[in-house]
Amino acid sequence: MVDSAEKEMDNPTFRSDTVLSDVHLHCPSKRHLMVRLNAVGQPVFLSYFKLLWSTEDLASGKYMTTGREHQCRSGDELYDKDKSNIKKEELNIEGVEALLDDDGDLEVVRRPRSASDLEAEDLLRDIVCPVILMKGKVDAFEDEEQECTCSDFVKIEHTMATPLEDVGKQVWRAAFLLADYILFKRDTFRCCSVLELGGGTGIASIIMGTVAKRVYCTDVGEDLLAMCEQNVALNKHLIEPGGEVKVKELDWLKDEFCTDPEAPYSWSEEEIADLLDHCSVIMAADVFYDDDLTDALFRTLYRLTHNLRNSCTVYLALEKRLNFTLRYMDVTCEAYSHFRNTLNDLENLQDGKMKYTVEPIKLDFCQFLVYERIEQL
């Protein structure tokens, strides 16, 4: 019995009924409107994610010379201010003598929070409750459309909570971080041919489409890809003139592209040739949460880069998620640790065919989308 119990502790199995991304709760959208049920009966919401700089300013280069830089950095500054306030509070608490009550329990004396602390928190964590569209309320979007200009918002259809296998239907912070970097380095990606792996709702590919020549946004699952294609259509006004975002299926567990003409989101021979001949950028955001999928992704990366005609830069964005595990009886980042180990293996690969170099990117670039840029990104 002891051996059996120890074995279970070493290899615990958790059944996750619901996985929730809280990105939609901490954005400036006044409403998140439920617009429909998808093919598997999950509620689909439409959210507006605000761009701190309009696409007109980005295209003209005004952001380099105008005072809007202050506006761009406001998200970072608010977060830094809030973090500074927290540190000050912790320091003040440490200086207060801890008292024990009659039962021996610790009573922590906390100073009242100042109005400025609360104001900063309100701006950062503007909790928004979803609004359900009632039958007959087809004009519910009119006020929302009047309050925002098309160039200042990205419109994304997404779900709010899903089983683990459907997490791609939600919006995750690392996708916003990747989008920030794309907007910050627009000239780097101008006129490029780009492949996104695990594109999910498509927000990173849509932002990349504002500057790149062609973006292949890939994932698996017809329902998810249909949602992604809808989001591309909702934001077609943001796409670079002459550019395009194509939604395609790419399964990391398979060694070949899906070319079945009867299958939705399959590849044509011309599209495969175009990708292999011209792709110079591959990107992925928040796809490292399962060790088997991480292994499959790196195998796919190796296979793709081995077949590309040109050298390629791969941009990976993720959030380190802290979890308490029974195996170690401590808080760990097992998915992140596995990702780092696999990345090191790729960098140290010596097969005489490919050479990979890994470089971290400092997160001191401007914040273009309003979201909570936490330390774990």
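Residues numbered from 1 in each chain as written. Predicted model: local features only at pLDDT ≥ 70, side-chain atom pairs only at ≥ 80, totals over all residues. Heavy atoms only, no water.

Undergrad: Looking at this model, I keep getting lost on the overall build of the chain. Mind explaining?
TA: Helices and strands together make up the secondary structure of the chain, namely 13 helices and 15 strands. The burial tally for the chain puts 44% of its 377 residues in the buried class. The contacts of the chain with a sequence gap of at least 6 include a subset with a gap of at least 24, amounting to 72%. (Helix = DSSP H or I, 4+ residues; strand = E, 2+ residues; numbered from the N terminus. Buried < 20%, exposed > 50% of the residue type's maximum accessible area, 1.4 Å probe, protein only. Contact = heavy atoms within 4.5 Å.)

Undergrad: When you look at the pairing of strand β3 (residues 43–50) in this model, what are you seeing that I'm missing?
TA: Within a regular beta strand, the side chains point alternately toward one face of the sheet and then the other, so they alternate between its two faces. Most of β3 is tucked away, with 6 of its 8 residues classed as buried. As paired elements, strand β2 (residues 33–37) and β3 share 4 bridges and run antiparallel to each other. Along β3, the bridge assignment pairs Met 34 with Phe 45. Taken together, β2 and the strand that follows it, β3, pair antiparallel across an intervening segment of 5 residues, in which Gly 41 is found at a positive phi of about 85°. Note that β3 and strand β7 (residues 153–158) share 6 bridges and pair antiparallel. Each bridged residue has a counterpart across the sheet, and for Phe 45 the counterpart in β7 is His 158. (Pairing = 2+ DSSP bridges.)

Undergrad: I'm lost on the packing of aromatic side chains in this one. Help?
TA: Within a pair of aromatic rings, the relevant descriptors are the distance that separates the centres and the angle that separates the planes. Tallied over the entire structure, the rule returns 15 aromatic pairs. Here Phe 49 and Phe 176 contribute two aromatic rings whose centre-to-centre distance is 5.1 Å and whose plane-to-plane angle is 65°, an arrangement assigned as edge-to-face. Linking Phe 49 in strand β3 with Phe 176 in helix α7 (residues 173–184), this pair joins segments that are 127 residues apart in sequence. In terms of burial, Phe 49 and Phe 176 fall into one category: buried. Taken together through their ring pairs, the aromatic side chains of Tyr 181, Phe 184, Phe 189, Tyr 315 and Phe 365 make up a single cluster. (Phe/Tyr/Trp six-rings, centres within 6.5 Å; stacked < 30°, edge-to-face > 60°.)

Undergrad: Would you take a moment to explain the environment of Lys 355 for this structure?
TA: Its location among the elements puts Lys 355 in the segment after α13 (334–347). Between the C-alpha atoms of Lys 355 and His 306, which are 49 residues apart in sequence, the distance is 10.0 Å.

Undergrad: What am I meant to see in the pairing of β7 here?
TA: The buried count for β7 comes to 6 of 6 residues, which makes it a mostly enclosed element. The two faces of β7 match: Phe 153, Lys 155 and Glu 157 on one face and Val 154, Ile 156 and His 158 on the other face are all buried.

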